[in-house]
Amino acid sequence: MSYKAKFKVWRGDAGKGELADYDVEVNEGEVVLDIIHRLQATQAPDMAVRWNCKAGKCGSCSAEINGRPSLMCMTRMSTFTEEETVTVTPLRTFPVIRDLVTDVSFNYTKAREVMAFEPPEGLKPGEYRMQQVDVERSQEFRKCIECFLCQNTCHAVRDHEDNKEHFAGPRYLMRVAELDMHPLDSRERRNDAQEEHGLGFCNITKCCTEVCPEHIKITDNALIPMKERVVDRKYDPLVWLGSKIARR
Ligand code: SF4
Ligand code: F3S
Ligand code: FES
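None of the values given here were measured: they were computed from a predicted structure.

### Concerning the site of ligand 1
Around ligand 1, a shell composed of Cys144, Ile145, Glu146, Cys147, Phe148, Cys150, Arg171, Met174, Cys212, Pro213 and Ile218 is seen. Its residues placed into classes, the shell around ligand 1 shows nine nonpolar, no polar and two charged.

In structure tokens:
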């Protein structure tokens, strides 16, 4: 069964743009990305869109669909009624390059700022040993497909451009938390989480968790436990005394 849907797609570049109207065929079982591809094939050959796997695994096709940050390839047209207008706009937090494609390099910068895993001195690859329970604790975070939907949604950067410099965003605070939980990582992460990656900007609104297509419990399992460990460190009298002595 096919029908004609009304689509509004944001067309433009870094300078200016507007929503363009389209009437487009929809067939049973299709997703929003299929419709964007049909528009490219029939009415708008120059429409820019980033995608790769069409299976919810590469994290490329992130956009805002009727205002909700989503993967275009995982949003079924059956979510909408046949009368509903479907509006597709680029991620709002990142600068537009053209049409639905944004410049997500903010995220690559933040990724580089997280120091790499550092095993204890003298331990070579192949000699690492850890408990299964420690492996499982961070397994959830490794499901991240780097779609940046959480980064786009968190109000700490979405509504405050000037916070971008000081706040790594949920995806990279989750990475810091994962490394801090790693029993073989020998770097000090807690101070950096607060001072370098802006953990304090997160006020636990959980919007990041709500949009994560991998259903990672970013807030409950990574950010809140990380906040608790940072606070423990700050208020532990022995740690406080140790840091005072070390500074002398
Ligand atoms: Fe996307 Fe989830 Fe990874 Fe954030 S944590 S980048 S929403 S997969
Ligand atoms: Fe932002 Fe997620 Fe914290 S949306 S405020 S990082 S809980
Ligand atoms: Fe890969 Fe959508 S095209 S996640």
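### Description of the site of ligand 2
Near ligand 2 the following residues occur: Cys154, His155, Pro170, Cys202, Asn203, Ile204, Thr205, Lys206, Cys207, Cys208, Thr219 and Leu223. Where the shell around ligand 2 is concerned, the elements lending two or more residues are helix H8 (207-211) and helix H9 (218-235). Per-class residue counts for the shell around ligand 2 are seven nonpolar, four polar and one charged.

### Looking at the pairing of strand E3 (residues 62-65)
Neither face of E3 is exposed, since Ser62 and Glu64 on one face and Ala63 and Ile65 on the opposite face are all buried. Across four bridges, E3 lies against strand E4 (residues 68-71) in antiparallel orientation. Bridge assignment links Ile65 to a residue of E4, and that residue is Arg68. Counting the residues that bridge the hairpin from E3 to E4 gives two residues, and of these Asn66 lies at a positive phi of roughly 50°.

### What about the packing of aromatic side chains?
Overall, the coordinates contain four aromatic pairs when judged by the stated rule. Centroid distance Phe167 to Phe201: 5.7 Å. Interplanar angle 40°. Geometry classified as tilted. Here Phe201 lies in the loop between helix H7 (190-195) and H8 and Phe167 lies in the loop between helix H5 (155-158) and helix H6 (170-181), a separation of 34 residues in the sequence. Between the NZ or CZ atom of Lys164 and the centre of the ring of Phe106, over which it lies, the distance is 5.6 Å.

### What about the pattern of salt bridges?
Under the counting rule described, the total for this entry stands at 21 salt bridges. Between Glu178 and Arg175 there is a salt bridge whose closest N-O contact spans 3.3 Å. Linking Glu178 with Arg175, this pair stays in helix H6, spanning three residues, or about one helical turn. Taking the relative accessible area as the measure of exposure, Glu178 reaches 8% and is therefore buried. The salt bridge partner of Asp180 is Arg190, with a shortest N-O separation of 3.1 Å. Placement of Asp180 in helix H6 and of Arg190 in helix H7 is noted, with a sequence separation of ten residues between them. With a relative accessible area of 15%, Asp180 lands in the buried category. Given the relative accessible area of 27%, Arg190 is considered partly exposed. Counted as one network, the salt bridges with shared partners bring together Arg11, Asp46, Arg98 and Asp99.

### Details of the sheet that holds E4
Spatially, five strands are ordered E2-E1-E5-E3-E4 in an open sheet, and the strand pairing comes out mixed. Looking at which strands have only one partner, the edges of the open sheet turn out to be strand E2 (17-26) and E4. Sheet twist, expressed as the mean angle between neighbouring strand axes with direction ignored, is 35°. Looking at chain direction, E3 and strand E5 (residues 85-89) are connected through two bridges and run antiparallel. By the bridge assignment, Ile65 is partnered in E5 with Val88. Those strands touched by helix H1 (residues 32-42) are strand E1 (3-12), E2, E3 and E5, and its axis lies near 100° from that of E2.

### Section: the nonpolar core
Residues Phe7, Val32, Ile36, Met72, Met77 and Val88 are the most contacted members of the largest nonpolar core, which totals 63 residues. The element that contributes the greatest number of residues to this core is H6, accounting for seven residues. The residues touching Ile36, leaving out its near neighbours within four places in the chain, are Val9, Met47, Val49, Met72, Val88 and Leu100.

Cut-offs applied
Residues numbered from 1 in each chain as written. Chains lettered and ligands numbered in written order. Predicted model: local features only at pLDDT ≥ 70, side-chain atom pairs only at ≥ 80, totals over all residues. Heavy atoms only, no water. Near = heavy atom within 4 Å. Nonpolar A, V, L, I, M, F, W, Y, C, P; charged D, E, K, R; others polar. Helix = DSSP H or I, 4+ residues; strand = E, 2+ residues; numbered from the N terminus. Buried < 20%, exposed > 50% of the residue type's maximum accessible area, 1.4 Å probe, protein only. Pairing = 2+ DSSP bridges. Phe/Tyr/Trp six-rings, centres within 6.5 Å; stacked < 30°, edge-to-face > 60°. Lys NZ or Arg CZ within 6 Å of the ring centre and 35° of its normal. Salt bridge = Lys/Arg side-chain N within 4 Å of Asp/Glu carboxyl O. Axes fitted to C-alpha atoms, helices over the stretch in contact; angles between N-to-C directions. Contact = heavy atoms within 4.5 Å. Core = buried A, V, L, I, M, F, W, Y, C linked by side-chain atoms within 4.5 Å.

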